[in-house]
Amino acid sequence: MLTKFETKSNRVKGLSFHSKRPWILASLHSGVIQLWDYRIGTLIDRFDEHDGPVRGVHFHKSQPLFVSGGDDYKIKVWNYKTHRCDFTLLGHLDYIRTVQFHDEYPWIISASDDQTIRIWNWQSRTCISVLTGHNHYVMCATFHPKEDLVVSASLDQTIRVWDIGALRKKTMAPADDVLRLSHLNSDLFGGIDAVVKYVLEGHDRGVNWASFHPILPLIVSGADDRQVKLWRMNDTKAWEVDTLRGHMNNVSCVMFHAKQDIIVSNSEDKSIRIWDATKRTSTQTFRREHDRFWILSAHPEINLLAAGHDSGMIVFKLERERPAFSVSGDYLYYVKDRFLRCYEYSHQKDNQVVPIRRSGSVSLNQGPRTLSFSPTENAVLICSDAEGGSYELYIVPKDSGGKADLVQDVKRGVGGCAVFVARNRFAVLDKSSNQALVKNLKNEIVKKSPLPISSEAIFYAGTGNLLCKAEDKVVIFDLQQRLILGELQVPAAKYVVWSSDMEAVALLGKHVIVIANKKLVHSCTLHETIRVKSGAWDESGVFIYTTLNHIKYCLPNGDNGIIKTLDVPIYLTKVSGNNLYCLDRDGKSRVITIDATEYIFKLALLTKRYDQVMSMIRNSQLCGQAVIAYLQQKGFPEVALHFVKDERTRFNLALESGNIQIAVASAKEIDEKDHWYRLGIEALRQGNTSIVEYAYQRTKNFERLSFLYLVTGNREKLSKMLRIAEMKNDVMGQFHNAMYLGDIEERVKILERTGHFHLAYVTASTHGLVETAERLAAELGDGVPTIPREKTRSLLLPPAPLLSGSDWPLLRVMKGIFEGGLDLSGRAGHEEDEEEEEASGADWGDGDLDIVGADRVIQNKDLDGEVDGVEPKEDNDGGWDLEDLELPQEVVTPVAARNTRASVFVAPTQGMPVREIWIQKSSLAGEYAAAGNFDTAMRLLNRQLGIINFAPLKQMFMESYIGSHTHLPAFIAAPVISVAIEKGWSESSSPNVRSPPSLVFKFAQLDEKLKAAYRATTEGKFPEALRLFLNILHIIPLVVVDSRREVDEVKELIEITKEYALGLKIEVKRKETKDDLIRQQELASYFTNCKLQKVHTRLVLTSAMTICFKGGNYATSANFARMLLENNPTEAQAKKARQVLQACGDKRDAHQLNYDFRNPFVVCGATFVPIYRGQKDVLCPYCGASFVPSIQGQVCTVCEIAVVGADASGLLCSPTQMR
């Protein structure tokens, strides 16, 4: 049993699935009816008008209705759209046990404890027939799915089959008068609409349930005698076929499965039993600990069942419906109907390949679960849950030609999972020992490898690698080296989907998708409320996946969306362009065409392929709020503007992108105060004073307008604002404008006019208006205020503006790719004059968006006309007539200036420094160091070569930077000008084409250093030689070469210097080890294993031969003598070697050395011990020196800069490696 959904509630007595939506109704013993969405596990609605338990409930097949019957003797018909009961049918005299809609006719059938069955017409809301005959409670009554039959079960121990053909004929409109007359006679004289066709007797106690087979003439029943009985019927009679025994208590409900030959029953013994309908045996039992089962329901369309029990219900299915499949190139291999089938994508052909043996087990869920295919060997592994987990190995015949008659002698085995890991090797998970058993195609174990984590399943992760899944994490495990290559914490992953290039992997859980790269570095995580079913990678790196009811996409950055809604679940196998290839639950191959425009558009934005974005904007039909919101969220409001017609949205996007032109046009259309206010704020931010002025005028915001004229120094318009305030009788407005103008006399007049004589006197007296002050003093008499004499008085005048009467100066900027590129496309579609005008106001890149001026700002005559056109007059109420003093409505909208700045200095746009051009598209650490970008250079070296100790490289970094720049003195007070030196520069070079930097360290120079190191080695100056070799190793990471051949030479140079550095370190160590003679001999022996020049090899062999001879290890010394003679020694060396051979003779070694010249080995660069072939070792990612595993994570002692065992991509020293 695969449980899909479970609820906790009161006892569930009735259940019904909706035929189309993922809904289920549950009627409870408490009287409540619950409506659940079982896909997302939420309670949608509850209906509680019944008084007492509700025992029966049923959805209508096509109408938004359901019916319920309860212990209150009422049948209620509900509309779930309006959330209310439409009507109630009354007539039963006792509890109602079951209710059901007819699939075709407007009928409801109900069974009751009043011993009757009633058929109702829910359209006319009347009872059209009463079926009597049972002499005890009728426990259930159901219509036959196809025929005019009803089956009922009663506690009178009988099952009755009723023929309702006459009722159907009566319901249908008669075609002629004779039929109409016969119907009339039957109505008048009591004709019978329903007759008992069969009475089935055989149960010893009351029968609780009976149901028809959906196709065959079979009936199944369950009773209080704990038995399930199978009955067959024909046109004349019905008889008992068999009895199924096994339940330990009353059988509550029983039914046939719609798609399989099985019977499902549940009982008060707290169990659900599955029976084989053909063999009539019990195959499986599912038990609950404390809950008795009462009701079963089957989904009319899909493979789902539900069962109600004492504390809720469960929705479940009996078998997994996901087909086992594997994709290999152009072919899909999958299992269907006991056959392995092959589907060819390019020709859409489907062939049977090999018959699959039928499982011997009678249990469910024993079919194929996973499939793995080896294309080179044409071998297929099919895994199933049979025998606790097993696999079968089939070889696909290459000339099958669609015929698959021959049953192979397959190879079988037991294991949790089995997957191919190489051409002819597959790994089997042994859960008991937590091992991966690697087997060949003969099913023989060739290797056992313990897994690093307790694994529940294994998946393919590249040749020789396994992806092992534990409960909360996954790891990639290298079977050959037995190393963990990657690890990631994830919720329980069920399926693993690799991209075609094996660079990315998707881990699919029940409700989660985790995207990672090939080393399990986490990229993004998606959470879904509805179950995730399958997924496949697009060629562009987008992951397409399916849930139960949607096809969705996931971009590399985690953004996702819906592509298409599904009616039924599908399992994706491949994505090719706009075609999705998939398998449905019946195992049929299907091709679904999708519109990939949306996610390709978003991917192009994400990867900054703006040319593709522009092309899609011009040619595709992208629209919708989702795309607009996405563009806005990702910082592309100027692109979103292209899709929007709604003026409010256009206004918001225009403000966000700083496009004042479009904002003004939209504000005019909307014409609301708030929008003008926001436009003014944005225009002020951009310094576009003409637009600010226009916005304030439209909203009649005189205070802001006055302040704007103040900061822009427009005294003339400030004077007009003073007159307007005077006409509007706005005292504070008058006073503010007078203060902004510095007009003392006007301020004194305003104060005097408003009765503030004391303030007027102080103002006049302070500012030297003697006559006015004397006049006011005379009026005030004794109340003249005293003015402090010691204070310094000054005239309050506003500061002079920096820029008077025009917009702020702005840098001219290049149009963005969207502004310039879409200019033509925006105009192309507008042919009518009206549309052309609208487009010109809202098109992208119509002008320089950052420079908005005003061709026609508000002229002086506009305000003059307003002021002069008003004649002050007094009316009966006194005061000013304000209605005639408002600003005029028809104000010309300022438009973007094009030629208004010809005389204004425009600062040149700053270009990009040459050193930034060098590193724009480079991944070479040497070029970053030359550009002075040390931080990035160090990160590159760490990623490419695992270098972590940069102290030895500091001098090289500084020399590289200094050597790639020169400095020119300018004026005395000016700073020195730094000039980047380019490689191969000449006077004829184009100024727009920049060459790479001229580097201090050249590969040719390293050859000279190498020769010097060789000379020091020959002369026996080992510390000096070691210093020179290390210097070469430290320079190489910053060297840049031009050709692939030189790249190979650089790698060869690293190998040479590594061997010498290692050998010289061994020799230096030997000279320091004076007391331990055995260790001295071992180190001398290890030095001979280094790959040196012939001359140095002879010197090393001579030294080792001499030391071992003196130490009494004659056999080892003789071996070195023979090796020396094989290396073309000088006469003196050859003579000495022959003497040693003669002296050693057959003598043995006096001491046991940790040295075996017969067994190939490498020397550990840290401990100086041999690592023989077959033993584990770790390497330095830069120089390649070998180390024992315990040194992993430490700095390499040979090159002294890289971390041993670090994960690095490799040396990158030439532009040719990046092409």
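Residues numbered from 1 in each chain as written. Predicted model: local features only at pLDDT ≥ 70, side-chain atom pairs only at ≥ 80, totals over all residues. Heavy atoms only, no water.

### Regarding the confidence of the model for the protein
Part 1 of the reasoning: Residue-level pLDDT values for the protein average 82, and 85% of them are 70 or greater.
Part 2 of the reasoning: Segment residues 186–191: pLDDT under 50, and two contacts once partners within four positions in sequence are set aside and those in other chains are kept.
Part 3 of the reasoning: Within the model, the stretch residues 895–904 combines pLDDT values under 50 with 19 contacts to residues more than four positions away or in other chains. (pLDDT = per-residue confidence, 0-100. Contact = heavy atoms within 4.5 Å.)

### Side note on the pairing of strand β8 (residues 74–79)
Part 1 of the reasoning: With respect to burial, β8 is a largely interior element, five of its six residues being buried.
Part 2 of the reasoning: The pairing of strand β7 (residues 65–70) with β8 spans five bridges and is classified as antiparallel. Pairing of Phe-66 across the sheet is with Trp-78, part of β8.
Part 3 of the reasoning: In textbook terms, the turn of a hairpin is the stretch between consecutive antiparallel strands, and for β7 and β8 this stretch comprises three residues, one of which, Tyr-73, has a positive phi near 70 degrees.
Part 4 of the reasoning: Here six bridges tie β8 to strand β9 (residues 84–90), and the two strands are oriented antiparallel to one another. Paired with Lys-76 across the two strands is Thr-88, which belongs to β9. (Buried < 20%, exposed > 50% of the residue type's maximum accessible area, 1.4 Å probe, protein only. Helix = DSSP H or I, 4+ residues; strand = E, 2+ residues; numbered from the N terminus. Pairing = 2+ DSSP bridges.)

### Observations concerning the nonpolar core
Part 1 of the reasoning: Formed by 89 residues in total, the largest nonpolar core has its most connected members in Leu-941, Ile-1066, Tyr-1182, Phe-1187 and Cys-1199.
Part 2 of the reasoning: Counting residues in hydrophobic clusters, the runner-up holds 56 residues, among them Ala-153, Ala-223, Trp-231 and Val-251. (Core = buried A, V, L, I, M, F, W, Y, C linked by side-chain atoms within 4.5 Å.)

### Things to note about empty space enclosed by the protein
Part 1 of the reasoning: One pass over the structure, following the stated rule, counts one cavity of 30 Å³ or more.
Part 2 of the reasoning: As a volume, the largest cavity reaches approximately 70 Å³.
Part 3 of the reasoning: As for the largest cavity, its lining consists of His-257, Ala-258, Lys-259, Ala-298, His-299, Pro-300, Glu-301, Ile-302, Asn-303, Leu-304 and Leu-305.
Part 4 of the reasoning: Considered class by class, the residues forming the lining of the largest cavity number six nonpolar, three polar and two charged. (1 Å grid on protein atoms, 1.4 Å probe; cavity = no way out; pocket = protein on both sides within 12 Å on 5 of 7 lines; lining within 4 Å. Points joined across faces, edges and corners; volume = space filled by probe spheres on them. Nonpolar A, V, L, I, M, F, W, Y, C, P; charged D, E, K, R; others polar.)

### Side note on helix α9 (residues 673–686)
Part 1 of the reasoning: Its 14 residues place the ends of α9 20 Å apart at the C-alpha level, agreeing with the 20 Å of an ideal helix rising 1.5 Å per residue.
Part 2 of the reasoning: Every buried residue belonging to α9 is among His-675, Trp-676, Leu-679, Gly-680, Glu-682, Ala-683 and Gln-686, and all of these are buried.
Part 3 of the reasoning: Buried residues belonging to α9 abut α7 (647–657), α8 (660–670) and α10 (689–698).
Part 4 of the reasoning: Gly-687, located one to two residues past α9, shows a positive phi value of around 80 degrees. (Expected span 1.5 Å × (residues − 1).)

### A closer look at the pattern of salt bridges
Part 1 of the reasoning: In this structure the tally under the stated criterion is 42 salt bridges.
Part 2 of the reasoning: A salt bridge links Asp-148 to Arg-168; the shortest N-O distance between them is 2.4 Å. Within this pair, whereas Asp-148 is found in the loop between β14 (138–143) and β15 (149–154), its partner Arg-168 is found in helix α1 (residues 165–171), the two being separated by 20 residues in sequence. (Salt bridge = Lys/Arg side-chain N within 4 Å of Asp/Glu carboxyl O.)

### Structural notes on the packing of aromatic side chains
For any pair of aromatic rings, the description rests on two quantities: the centre-to-centre distance and the angle between the ring planes.
Part 1 of the reasoning: Following the criterion strictly, the structure yields 32 aromatic pairs and no others.
Part 2 of the reasoning: Between Tyr-345 and Tyr-581, the ring centres sit 4.9 Å apart and the planes meet at 65 degrees, which makes this aromatic pair edge-to-face. With Tyr-345 in the loop between β31 (339–344) and β32 (349–355) and Tyr-581 in strand β54 (residues 579–584), this residue pair connects regions lying 236 residues apart in the sequence.
Part 3 of the reasoning: Its relative accessible area of 9% is what places Tyr-581 among the buried residues.
Part 4 of the reasoning: Taken together, a centroid distance of 5.8 Å and an interplanar angle of 90 degrees make the contact between Tyr-1155 and Phe-1161 edge-to-face.
Part 5 of the reasoning: Looking at Phe-1161, the relative accessible area reads 10%, which means it is buried.
Part 6 of the reasoning: Ring pairs connect the aromatic residues Trp-23, Phe-47, Phe-59, Phe-66, Trp-78 and Tyr-80, which therefore count as one cluster.
Part 7 of the reasoning: Positioned above the aromatic ring of Tyr-1114, the side-chain terminus of Lys-1147 is 4.9 Å from the ring centre. (Phe/Tyr/Trp six-rings, centres within 6.5 Å; stacked < 30°, edge-to-face > 60°. Lys NZ or Arg CZ within 6 Å of the ring centre and 35° of its normal.)

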